[in-house]
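# Descriptive structure summary
Read off the chains here:
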Amino acid sequence: MITIKSPREIETMAAAGRIVAETLALVASQVRPGVSTEQLDRAAEDFIRSHPGARPSFKGLYDFPATLCTSINQEVVHGIPSARRVLKVGDLLSVDVGVWLDGLHADSAATFPVGKVSSQAERLLTVTQEALAAGVAQARSGNHVGDIGHAVQEVAEGAGYSVVRELVGHGIGSAFHEDPQVPNYGKPKRGPRLMPGMTLAIEPMVNAGGADIRTLEDKWTVVTEDGSLSAHFEHTVAILDDGGPPRVLTTVD
Ligand code: MG
Ligand code: MG
């Protein structure tokens, strides 16, 4: 069931989204060679819990053990922070984080270069951000979920990359994962119709190589089957009633 949020619920999600954005900014400021993903996780959890009424969405969700998902290089999503995972120059670090505030969630992700990265890695980051922007731009009342996925897919595949198919974006609200599913591929005018008050997490996962993925023995970390680099960017947005671009909730603006 797709839920429509009230203006007041959307303001609460925007407040959660602001904490999410500030958490990502805090993590970005600490990304450097020699830092472990566990250190980043601890800083993020402390920051989130310093806000009254807020807690990390992921910790305990489906028994996930941490505040952040930290996924390095060929890891696509759902990497578990660890003291043994220490960042090196040239790594790509994807950080995914959710915040629950006063009963509602917000969800965002970004991929950061660790020091100087290859030009191929830089291009993958640029294209994945462009794919997210293209998807967000289609999140308008009157459009359909397929318009979002189609726009993401066009940008990613147009650059010679592939989009992950088994993992998708999602509705979000009082539950972290709500209907509808928001695939990063699709056909225009297909899928559920977008209505004012819907809140969606749009999240392209773009692989430099093939689309295939597999899950490691830790039961969480998803990697590219061919070992190619992967990037992930995500925003939570609210569909507006004017037919225009959505309000991005996971921002400090
Ligand atoms: Mg996320
Ligand atoms: Mg999400």
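Residues numbered from 1 in each chain as written. Chains lettered and ligands numbered in written order. Predicted model: local features only at pLDDT ≥ 70, side-chain atom pairs only at ≥ 80, totals over all residues. Heavy atoms only, no water.

### Here's the deal with the coordination of the magnesium ion (ligand 2)
What counts, and what does not: Metal donors were taken as nitrogen, oxygen and sulfur atoms no farther than 2.8 Å from the ion, or 3.2 Å where the ion is Na, K or Ca. Water is excluded, so coordination may look unfinished.
At the metal site, the magnesium ion (ligand 2) is ligated by Asp 107 (OD), His 170 (NE2), Glu 203 (OE) and Glu 234 (OE), and these contacts range over 2.0 to 2.2 Å. All donors of the magnesium ion (ligand 2) come from a single chain, and their spacing in sequence reads D-x62-H-x32-E-x30-E.

### Focus: the sheet that holds strand E9 (residues 199-202)
To keep things clear, this is the line we draw: For two strands to be treated as a pair, DSSP must find at least two bridges joining them. Numbering of helices and strands runs from the N terminus; a helix is a DSSP stretch of H or I covering at least four residues, while a strand is a stretch of E covering at least two. Whether two residues touch is decided by their heavy atoms; if any such pair falls within 4.5 Å, the residues are in contact. In this analysis an axis means a line fitted to C-alpha atoms, helices contributing only their contacting stretch, and an angle means the value between N-to-C directions, from 0 to 180 degrees.
The strand order across the open sheet formed by 5 strands is E8-E7-E9-E14-E15, and the pairing between neighbours is antiparallel. The open sheet has two free edges, formed respectively by strand E8 (178-182) and strand E15 (247-248), since each of these has just one partner strand. By the bridge criterion, 2 bridges tie strand E14 (residues 235-238) to E15 in an arrangement that is antiparallel. Within the sheet, the bridge partner assigned to Val 237 lies in E15 and is Val 248. Along the sheet, helix H3 (residues 119-137) contacts E9, E14 and E15; its crossing angle with E9, the most-contacted strand, is approximately 160°.

### Notes on the coordination of the magnesium ion (ligand 1)
The line we're drawing: The cut-offs for exposure are 20% and 50% of the maximum accessible area for each residue type, with area from a 1.4 Å probe on protein chains only; residues under the lower value are buried, those over the upper are exposed, and the others partly exposed.
Every protein donor of the magnesium ion (ligand 1) is accounted for by Asp 96 (OD), Asp 96 (OD), Asp 107 (OD) and Glu 234 (OE), and the metal-donor separations fall at 2.0 to 2.7 Å. Along the chain, the residues that donate to the magnesium ion (ligand 1) are spaced as D-x10-D-x126-E. Between the magnesium ion (ligand 1) and the magnesium ion (ligand 2) the interatomic distance amounts to 3.2 Å, and Asp 107 serves as a bridging ligand to the pair. With Asp 96 in strand E4 (residues 92-101) and Glu 234 in the loop between strand E13 (230-232) and E14, this pair connects stretches of sequence that are 138 residues apart. Neither residue differs from the other here; Asp 96 and Glu 234 are each classed as buried.

### Digging into the pattern of salt bridges
Using the following cut-off: Every case where a carboxyl oxygen of Asp or Glu lies within 4 Å of a side-chain nitrogen of Lys or Arg is listed as a salt bridge.
A full pass over the atoms with the stated rule returns 11 salt bridges. Among the ionic pairs, Arg 49 bridges to Glu 45, the shortest N-O distance being 2.8 Å. In this pair, Arg 49 and Glu 45 are both assigned in helix H2 (residues 37-49), 4 residues apart and thus about one turn of the helix distant. Its relative accessible area of 14% is what places Glu 45 among the buried residues. Linked through salt bridges whose partners overlap, the residues forming this network are Glu 45, Arg 49 and Lys 59.

### Structural notes on helix H4 (residues 145-158)
Think of an α-helix as 3.6 residues a turn; residues three or four steps apart then line up on the same face. Cut-off, in case you're wondering: To estimate the expected span of a helix, subtract one from its residue number and multiply by 1.5 Å.
With 14 residues, H4 should cover 20 Å at 1.5 Å per step; its first-to-last C-alpha distance of 20 Å lies within 8% of that length. Among all positions in H4, only Val 145, Gly 146, Asp 147, Ile 148, Gly 149, Ala 151, Val 152, Gln 153 and Ala 156 are buried. Against H3, strand E6 (162-163), E8, E9 and strand E10 (205-207) lie the buried residues of H4. Positive backbone phi, approximately 90°, marks Gly 160, located one or two places after H4.

### Some points on the packing of aromatic side chains
In plain terms, the rule: Between rings of Phe, Tyr and Trp, where Trp is taken as its six-membered ring, a pair exists when centres lie within 6.5 Å; planes separated by under 30 degrees are stacked, by over 60 edge-to-face, and by other angles tilted. Counted as over-ring charges are cases with an Arg CZ or a Lys NZ within 6 Å of the ring centre that also lie within 35 degrees of the ring normal.
Taken as a whole and assessed by the stated rule, the structure comprises 2 aromatic pairs. Taking the centre distance of 5.3 Å and the plane angle of 85° together, the rings of Phe 58 and Phe 176 count as edge-to-face. Linking Phe 58 in the loop between strand E1 (54-56) and strand E2 (68-72) with Phe 176 in the loop between strand E7 (169-171) and E8, this pair joins segments that are 118 residues apart in sequence. For the pair Phe 58 and Phe 176, a shared accessibility class is recorded, and that class is buried. Centre to centre, the rings of Phe 64 and Trp 220 are 4.9 Å apart; their planes meet at 85°, and the pair counts as edge-to-face. Residue Phe 64 is found in the loop between E1 and E2, and its partner Trp 220 is found in the loop between strand E11 (213-215) and strand E12 (222-224); the two are separated by 156 residues along the sequence. When the ring centre of Trp 100 is taken as reference, the NZ or CZ atom of Arg 55 above it lies at 4.5 Å.

Don't take any of this as a statement about function, it's just geometry.
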